[in-house]
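Fold and geometry: a report
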Amino acid sequence: MPITLGAGDAAPTFELVDQDGEVHRLADYQGQTVVLYFYPRDFTPGCTTQACSLRDTHREIADEGAVVLGVSTDDAESHQKFREEHALPFPLLVDAEAKVATRYGAWGEKTLYGRKSIGMTRATFIIGPSGRLLKVWKRARAADHGEAVLKALRDLVGHA
């Protein structure tokens, strides 16, 4: 199911556990800006590049009043190792059955090196303090994603 959500839409609610078994609900972040990013797998080159890009801009993203949450179908143990190995300062949420990814449209057909498969796409959503989407990346670029998110947050200041 392709992403049909756009800026102004209500963000689908979620309740997922992180790498430590702590529950995260979208409702817990009401009044805050959330950068919710979906990625295919821990420890793959593109996903590692993307996570480290967000890590490297995390302080500035936090200075803009936003929290970062990563989501993939990997289990908590994999997330814990991935976080530790790359010193990621944000939670990684477990969406084992891709239910949340499906609601966001971040799960579906994708093409890699000419081969089609079903799986997680590299999509990111900035959710405003009111629970509405402020920005959507249907296909995020891994390498400079932290900078792109930071720029979007700075451009959105006062528009949330």
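For the structure itself, look to the data block above.
Description of the structure in this document. Because the structure is a prediction, the values reported are computed rather than measured.

A count of helices and strands for the chain gives five helices and nine strands. The C-alpha radius of gyration computed for the chain amounts to 14 Å, which stays within 12% of the reference 15 Å derived for 160 residues, consistent with globular compactness. Along the longest, intermediate and shortest principal axes, the C-alpha atoms of the chain span 40 × 35 × 30 Å. In the chain, which comprises 160 residues, the share counted as buried stands at 49%. The contacts of the chain with a sequence gap of at least 6 include a subset with a gap of at least 24, amounting to 66%. Summed over all atoms, the accessible surface of the chain reaches about 8000 Å², with 50% contributed by carbon and sulfur. Side chains of the chain carry 19 positive and 22 negative charges; the gap between the two charge centres is 7 Å.

This paragraph deals with helix 3 (residues 76–86). Of all the residues in helix 3, the buried ones are Ser78, His79, Phe82 and His86. Axial view of helix 3: buried residues confined to an arc of 100°, hence all on one face. Against the buried residues of helix 3 lie helix 1 (45–56), strand 4 (66–72) and strand 5 (92–94). Trailing helix 3 by a residue or two, Ala87 shows a phi angle of about 50°, which is positive.

With respect to burial, strand 4 is a largely interior element, six of its seven residues being buried. Examined bridge by bridge, strand 3 (residues 33–38) and strand 4 share six bridges and lie parallel to one another. Residue pairing across strands places Leu36 opposite Leu69, the latter belonging to strand 4. Both strand 4 and strand 5 contribute to a ladder of three bridges, which runs parallel. Counterpart to Ser72 in the pairing with strand 5 is Val94.

Judged by nonpolar contacts, the single largest core of 24 residues is most densely connected at Phe14, Leu36, Phe38, Tyr104, Phe125 and Ile127. Counting only elements with at least two residues in this core, the list comes to strand 3, strand 4, helix 4 (99–104), strand 8 (123–127) and strand 9 (133–137). Not counting chain neighbours up to four residues away, the residues in contact with Phe38 comprise Gln50, Val71, Val100, Ala101, Tyr104, Ala106, Met120, Thr121, Arg122, Ala123 and Phe125.

In this section: the side chain of Gln19. Position of Gln19 relative to the elements: it lies in the loop between strand 1 (15–18) and strand 2 (23–25). By relative accessible area, Gln19 is classed as buried at 6%. One polar contact links Gln19 to Asp20, side chain to side chain, over a distance of 3.1 Å. A distance of 2.9 Å separates the side chain of Gln19 from the backbone nitrogen of Leu92, its partner in a polar contact. Not counting the four nearest positions on each side in its chain, Gln19 is found in contact with Ala76, His79, Gln80, Arg83, Pro91 and Leu92.

Calculation rules
The written sequence of each chain sets the order in which its residues are numbered from 1. In keeping with the model being predicted, local features are shown solely for residues with a pLDDT of at least 70 and side-chain atom pairs are shown and tallied solely at 80 or more, while totals for entire chains, interfaces and linings include all residues. As a rule here, side-chain values cover all heavy atoms of the structure and leave hydrogens and water aside. Helix numbering and strand numbering both begin at the N terminus, where a helix is a DSSP run of H or I of at least 4 residues and a strand a DSSP run of E of at least 2. What the globule rule says is 2.2 Å times the number of residues to the power 0.38, and the radius of gyration is computed from C-alpha atoms. Throughout, exposure labels follow a simple rule: accessible area from a 1.4 Å probe, protein chains only, divided by the maximum for the residue type, with under 20% read as buried, over 50% as exposed, and the rest as partly exposed. Whether two residues are in contact is decided by their heavy atoms, any of which lying within 4.5 Å being enough. The accessible surface values rely on the Shrake-Rupley method and a 1.4 Å probe; as for residues, cover is taken only from the protein chains in view. When charges are counted, Lys and Arg contribute as positive and Asp and Glu as negative, whereas His and the chain ends are disregarded. A single reference atom marks each charge: NZ on Lys, CZ on Arg, CG on Asp, CD on Glu. Read the arc as the range of directions from the helix axis to the C-beta atoms. Pairing between strands is defined by DSSP: at least two bridges between them are needed. In this description, a nonpolar core means a group of buried Ala, Val, Leu, Ile, Met, Phe, Trp, Tyr and Cys residues linked to one another through side-chain atoms lying within 4.5 Å. Nitrogen and oxygen atoms within 3.5 Å of one another constitute a polar contact, given that in protein one can donate a hydrogen and the other can accept it, and given that sequence-neighbouring residues count only through two side-chain atoms.

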